[in-house]
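# Structural overview for review
Chain residues, written in single-letter form:
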Amino acid sequence: MNLLLVAIGLSKVVFGGLVAALGIWFAFRGFNRLLGTDPTVDLRQGNVAAGIVHAASLLALGLLVHNAVNATFDAVDLTFRGPSLEPSALARLTLFALMHVGVALLVGTAVLALGVLLFDKITPGLDELAEVRRGNVALALVLAAILIVLALLTAPGLQATLNGLIPFPELPPSTFHSPS
């Protein structure tokens, strides 16, 4: 048994759980504040349409932040498999990982807010949020699909952008030589 790998695995579980909790809070409070809705009131009243939009915002933000967490885990794996582990490198990795996930949450929320604005532009004369508050499930399903599609299609770009924030450890030069 490799206790170091067990400890790394457990730290990934804790980190992933903390990021999930923060992402849920962000989607439930931050994103919905931008929309001018109160998820607690919506859920208490049994508003299915609002529940669909809230659930889609959670799912979409999770899809966006998922890649940020994976990149952080890749950097952790490379750091611990390197020749030596310096405490300063671990501290720097932790700082950049937190920045990485924080930026992913902020950018993800902005992308989802833009999705709502896009939906607003393609449905002129319709107050989408008022319709959701009134329980318009058809409208909520379309808005939910827009949020999820935006998350799926912007996640790779977000991942590529955010990979520059992680201080990946330097790998030794390759000993592979291409045939001449």
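Structure: see above.
To start, this report covers the structure provided alongside it. Note that the coordinates shown come from a computational prediction; the quantities given were computed from them, not determined experimentally.

Right, let's talk about the overall build of the protein for a bit. Within the protein, the regular secondary structure consists of six helices and zero strands. Going through the 180 residues of the protein one by one, you find that 36% of them count as buried. Sequence-distant contacts, at least 24 apart, represent 84% of the contacts inside the protein between residues at least 6 apart.

Bringing the pattern of salt bridges into the picture now. Under the criterion given, the structure shown has one salt bridge. Its salt-bridge partner being E131, residue R134 comes within 2.5 Å of it at the nearest N-O pair. Residue R134 and its partner E131 are located together in helix 5 (residues 128-134), separated by three residues, close to a single helical turn. On the basis of relative accessibility, which here comes to 60%, the residue R134 falls in the exposed class. Owing to a relative accessible area of 17%, E131 belongs among the buried residues under this scheme.

Its 34 residues place the ends of helix 3 (residues 48-81) 48 Å apart at the C-alpha level, agreeing with the 50 Å of an ideal helix rising 1.5 Å per residue. Two or three places before A49, at the opening of helix 3, N47 has a side-chain oxygen 3.1 Å from that residue's backbone nitrogen.

Further remarks concern the side chain of E128. Locating E128 in the fold gives a position in helix 5. Here E128 is buried and forms no salt bridge, its nearest opposite-charge partner K121 lying at an N-O distance of 9.5 Å.

Let's shift gears to the environment of V65. Here V65 is to be found in helix 3. Separated by 90 residues in sequence, V65 and A155 have C-alpha atoms that sit 7.8 Å apart. In this structure V65 touches V19, V101, A104 and L105, once residues within four positions along its chain are discounted.

Between helix 3 and helix 4 (residues 87-122), the least distance of the axes is 9 Å, while the angle of their chain directions is 160°. Comparing their axes, helix 4 and helix 3 come out roughly antiparallel. At the point where helix 3 passes helix 4, the crossing takes the right-handed sense. For the contact of helix 3 with helix 4, the residue count by class is 18 nonpolar, six polar and no charged.

Glancing now at the nonpolar core. Of all hydrophobic cores here, the largest spans 34 residues; its most connected members are L61, L64, V65, V101 and L147. Residue assignment for this core shows that the elements contributing at least two residues are helix 1 (3-35), helix 3, helix 4 and helix 6 (137-162). Of the residues forming this core, the biggest block, 11 residues, is contributed by helix 3. Each residue touching V101, except ones within four places of it in the same chain, is listed here: F15, V19, V65, V69 and T72.

Glancing now at the packing of helix 3 against helix 6. It is the contact of helix 3 with helix 6, at a shortest axis distance of 8 Å, that shows an interaxial angle of 10°. Between helix 3 and helix 6, the crossing angle belongs to the class labelled roughly parallel. Tallied by class, the residues present in the contact of helix 3 with helix 6 amount to 23 nonpolar, four polar and no charged.

What follows is about helix 6. Owing to its 3.6 residues per turn, the α-helix brings residues three or four apart onto one side. The first and last C-alpha atoms of helix 6 sit 35 Å apart over 26 residues, in line with the 38 Å expected at 1.5 Å per residue. The largest bend in helix 6 comes to about 40°, at T154, with the proline P156 one to four residues further on. Looking at helix 6, one finds that the buried residues are L139, A140, L143, A144, I146, L147, A151, A155, L158 and L162. The N-cap residue of helix 6 is N136: its side-chain oxygen and the backbone nitrogen of A138 are 3.3 Å apart.

Cut-offs used in this document
- Residues numbered from 1 in each chain as written.
- Predicted model: local features only at pLDDT ≥ 70, side-chain atom pairs only at ≥ 80, totals over all residues.
- Heavy atoms only, no water.
- Helix = DSSP H or I, 4+ residues; strand = E, 2+ residues; numbered from the N terminus.
- Buried < 20%, exposed > 50% of the residue type's maximum accessible area, 1.4 Å probe, protein only.
- Contact = heavy atoms within 4.5 Å.
- Salt bridge = Lys/Arg side-chain N within 4 Å of Asp/Glu carboxyl O.
- Expected span 1.5 Å × (residues − 1).
- Polar contact = N/O pair within 3.5 Å; in protein donor to acceptor, adjacent residues only side chain to side chain.
- Lys, Arg positive; Asp, Glu negative; His and termini not counted.
- Axes fitted to C-alpha atoms, helices over the stretch in contact; angles between N-to-C directions.
- Parallel < 35°, antiparallel > 145°, perpendicular 65-115°, else oblique.
- Left-handed = near helix turned anticlockwise from the far one by under 90°.
- Nonpolar A, V, L, I, M, F, W, Y, C, P; charged D, E, K, R; others polar.
- Core = buried A, V, L, I, M, F, W, Y, C linked by side-chain atoms within 4.5 Å.
- Bend = angle between axes of the 7 residues up to and from the residue.

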